[in-house]
Amino acid sequence: MRRATITGWGRCVPPAVLTNSDLATVMDTSDDWISTRTGIKERRISHTETSDMAAVAGRHALAAAGLEPEQIDLLIVATCTPDRLIPSAASYVQTKLGATAAACLDVNAACSGFVYGLAIANGMIATGGFNRILLIGAERLSMLLDAEERSTAVLFGDGAGAVVIEPAQGDDGVLAVTLGTDGALADKLTVAGFGTERTVGGDEELFKLVMDGQEIFRHAVTRMGESATKVADEAGLELEELDLLIPHQANTRIIDATARRLKMPYEKVFLNIASYGNTSAASIPIALSEAIELGRVRPGANLVMVAFGGGLTWGAVALRFADRVTPLAMSTAALPPTDKTGLELFAEVQEERRRRRGAPPAKSGRG
Ligand code: UT7
């Protein structure tokens, strides 16, 4: 059976930064609370659609793999914030990239989306039908945030990360995969008003992310620990053979607990949550591309990527990285520039929420 391996990687983080201190000017929160409880210092806010970020990340990954867009035969976008309900974000990305030979689909497993997408890509390579897959995790979660839900609004940010997946030539590639879902807990993290039930309710409020933070936290600690341990066991990797853990960047306290469960020393855990917050399906591919650039992924490194998210979903992939950890080429792709600050972009969404609720516009200071 053919094994899938990563041959290209890239990311796109929007330029506008929203710091904890910025948020504290419009919400009842503080840099101290957010930093201590989550490890987040700032996040990026996008001025463009999810598919724009996805296409830029995709161009970087294609360049790193030395491929042209037309050579891709399957394009998967892991996202829970597509531009529209129909078509898939992947269809837009196909056109933006010119990946005209690719079949396109989205995967929605919330924050576990990239791990689910990697598992699907692995299966598609293993069965022999597909040879060059572009998998992108991309999210514009800032559109779902409500300043009145302070425990949720401070957690999330926007961005995209991408990988190219091809059949392995050596002993590198995906070693083991584990996935799971507990649909009985589906309402613990949800965005209502964006699907078919929308026609029943008649609620005009802009759709927003609502979650039971403590319940999610408890399940995240259990499921991330369990699935990372399981996938390492199934891959036959001893603790000392694991080179790097790339966890979903949701909360440093959840990551600490996962690393403890795996008995991973902290220097073998990749963290960038301070800069981007939780970017859901984009979190692991952004982290992976940064880890490679920073020299944290050596040739042939054994990695475990593990995620948890709405659904409730969870999953992990153990992967031996290829010998090449340098890009074959570089792309200059970037988002169009913006003059707006992160706070201005965040405020625009909040203004739209107020308008739909029929509330008066915010004057200044705390909204
Ligand atoms: O990818 C999966 C996505 N979801 C997650 O990762 C969420 C997982 N859950 C969490 O990360 C944590 O549960 C949170 C960060 C959301 C909350 O942390 P916590 O330690 O569970 O705090 P808490 O909900 O127990 O709240 C403690 C206090 C409360 O005040 P009182 O009742 O003790 O007076 C909250 O009202 O902190 C208050 N609080 C805040 N204070 C300042 C909640 N949010 C904030 C805030 N700023 N943003």
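Look a little higher up for the structure.
The written sequence of each chain sets the order in which its residues are numbered from 1. Per-residue local features are limited, in this predicted model, to residues with pLDDT of at least 70; the limit for side-chain atom pairs, both in listing and counting, is 80 or more; totals at the level of whole chains, interfaces and linings are taken over all residues. Side-chain numbers come from the whole structure's heavy atoms, not from hydrogens or water.

To qualify as a helix, a DSSP run of H or I must reach at least 4 residues; to qualify as a strand, a run of E must reach at least 2; elements of each kind are numbered from the N terminus. Counting its regular elements, the protein contains twelve helices and 13 strands. We take the radius of gyration over the C-alpha atoms and set the globule estimate at 2.2 Å times the residue count to the 0.38 power. Its C-alpha atoms give the protein a radius of gyration of 20 Å, within 12% of the compact-globule value 21 Å for 367 residues. With the principal axes as the frame, the protein shows a C-alpha extent of 60 × 45 × 40 Å. Burial classes follow relative accessibility: with a 1.4 Å probe on protein chains only, a residue under 20% of its type's maximum area counts as buried, one over 50% as exposed, and anything between as partly exposed. Each of the 367 residues in the protein was classed as buried or not, and the buried ones make up 54%. In what follows, residue pairs with any heavy atoms lying within 4.5 Å of each other are defined as contacts. For the protein, restricting intrachain contacts to residue pairs at least 6 apart in sequence, the fraction spanning at least 24 positions comes to 79%. Here the accessible surface of atoms and residues is derived via Shrake-Rupley with a 1.4 Å probe, and residues count as covered only by protein chains that are part of the display. Total accessible area on the protein is roughly 15000 Å²; 52% of this is exposed by carbon and sulfur atoms.

The next point concerns the packing of helix H8 (residues 213–234) against helix H9 (residues 252–262). At a closest axis distance of 9 Å, the pairing of H8 and H9 adopts a crossing angle of 35°. Both H8 and H9 take part in a crossing whose hand is right-handed. Across from Phe217, Ala220, Val221, Thr222, Met224, Gly225, Glu226, Ala228 and Thr229 in H8, the residues of H9 making contact are Arg253, Ile254, Ala257, Thr258, Arg261 and Leu262. Among the residues forming the contact of H8 with H9, the class breakdown is eight nonpolar, four polar and three charged. Only the stretch in contact is used when fitting a helix axis, every axis being a line fitted to C-alpha atoms; angles between N-to-C directions are given from 0 to 180 degrees. Take the far helix as your reference; a near helix turned counterclockwise from it by less than a right angle gives a left-handed crossing, and one turned clockwise gives a right-handed crossing. Each residue receives one of three labels: charged for Asp, Glu, Lys and Arg, nonpolar for Ala, Val, Leu, Ile, Met, Phe, Trp, Tyr, Cys and Pro, and polar for the others, Gly being one of them.

Side chains that differ in sign of charge can pair as their charged atoms come close. Salt bridges, as used here, are contacts in which a Lys or Arg side-chain nitrogen is within 4 Å of a carboxyl oxygen on Asp or Glu. Tallying each qualifying case throughout the model produces 21 salt bridges. Lys96 serves as the salt-bridge partner of Asp52, at 2.8 Å between the closest nitrogen and oxygen. With Asp52 in helix H3 (residues 50–65) and Lys96 in helix H4 (residues 89–97), this residue pair connects regions lying 44 residues apart in the sequence. A residue is classified by how much of its surface remains accessible, and Asp52, at 22% relative accessible area, is partly exposed. Classification of Lys96 as partly exposed rests on a relative accessible area of 36%. Close ionic contact of Lys340 with Glu348 constitutes a salt bridge, the shortest N to O distance being 2.8 Å. Taking relative accessible area as the criterion, Lys340 reaches 37% and is therefore assigned partly exposed. One network of salt bridges, in which partners are shared, links Asp146, Glu148, Glu149, Lys208 and Arg357.

In the vicinity of the ligand lie 22 residues, with Thr29, Arg37, Arg150, Gln214 and Asn251 positioned nearest. Between the ligand and Arg37, the relevant distance is 2.8 Å, taken from an oxygen atom to a side-chain nitrogen or oxygen of the residue. For the ligand, the accessible surface in isolation is 950 Å², of which the surrounding protein chains cover 74%. Per element, the largest residue contribution to the shell around the ligand is four residues, and it comes from H8. The criterion for a residue being near a molecule or strand is simple. One of its heavy atoms has to lie within 4 Å of it. N or O atoms closer than or at 3.5 Å make up a polar contact, with two conditions inside protein: a donor-capable atom paired with an acceptor-capable one, and, for residues adjacent in sequence, both atoms drawn from side chains.

Our focus in this paragraph is the sheet that holds strand E7 (residues 158–167). Strands were regarded as paired on the criterion that DSSP finds at least two bridges between them. The sheet built from five strands is open, its strands ordered E1-E7-E6-E4-E5 with mixed pairing. With partners counted over all chains shown, the strands left at the sheet margins are strand E1 (4–12) and strand E5 (103–107), one partner each. Shown here is a sheet whose adjacent strand axes are inclined to one another by a mean of 20°, direction ignored. Judged from the five bridges that link them, strand E4 (residues 74–78) and E5 form a sheet pairing that is parallel. Opposite Leu74, over in E5, you have Ala103 as the bridge partner. With respect to the sheet, H3 is in contact with E1, strand E6 (133–140) and E7, its orientation differing from that of E1 by roughly 130°. Strands in contact with helix H11 (residues 283–293) are E1, E6 and E7; relative to E1, the strand with the most contacts, it is inclined by about 95°.

Moving on to a negative patch on the surface. Residues Asp233, Glu238, Glu240 and Glu241 make up a contiguous surface patch of negative charge. Residue placement: Asp233 occurs in helix H8. Assessed through its relative accessible area of 56%, Asp233 is described here as exposed. To count toward a patch, a residue needs a relative accessible area above 30% and no salt bridge. Like charges then connect within 9 Å, nonpolar side chains (Val, Leu, Ile, Met, Phe, Trp, Tyr) within 5 Å. Neither His nor the chain ends contribute to the count of charged residues, in which Lys and Arg are positive and Asp and Glu negative. Taken as the charge location is NZ of Lys, CZ of Arg, CG of Asp or CD of Glu.

Think of a pair of aromatic rings as described by two things: how far the centres are apart, and how the planes are tilted against each other in angle. Pairing of aromatic rings covers Phe, Tyr and Trp, the last counted by its six-membered ring, and requires centre-to-centre distances within 6.5 Å; plane angles under 30 degrees mean stacked, over 60 mean edge-to-face, and any other angle means tilted. Scanning the model with the defined rule gives one aromatic pair in all. In this scheme, Lys NZ or Arg CZ marks a charge over a ring once it lies within 6 Å of the ring centre and within 35 degrees of the ring normal. For Arg223, the ring lying beneath its charged end belongs to Trp314, and the centroid distance is 3.9 Å.

Here we take up the environment of Ala65. Here Ala65 shows up in helix H3. For the pair Ala65 and Ala329, spaced 264 residues apart in sequence, the C-alpha to C-alpha distance is 7.4 Å.

A separate point is the pairing of E1. The buried count for E1 comes to eight of nine residues, which makes it a mostly enclosed element. Here E1 runs beside E7; their pairing, made up of eight bridges, is antiparallel. Along E7, the bridge assignment pairs Thr5 with Glu166.

Looking now at the nonpolar core. Put simply, buried Ala, Val, Leu, Ile, Met, Phe, Trp, Tyr and Cys residues joined by side-chain atoms within 4.5 Å make one nonpolar core. Counting residues in hydrophobic clusters, the biggest one holds 49 residues, and the most contacted among them are Met27, Ala318 and Phe346. Among the elements of the structure, strand E2 (16–19), strand E8 (173–181), strand E10 (209–211), H8, H9, strand E12 (302–309), strand E13 (313–320) and helix H12 (342–357) are those that each provide at least two residues to this core. If you tally residues by element for this core, the top one is H8, at six residues. The next biggest cluster of nonpolar side chains, apart from the first, holds 35 residues, and it includes Ile76, Val174, Leu244 and Phe321.

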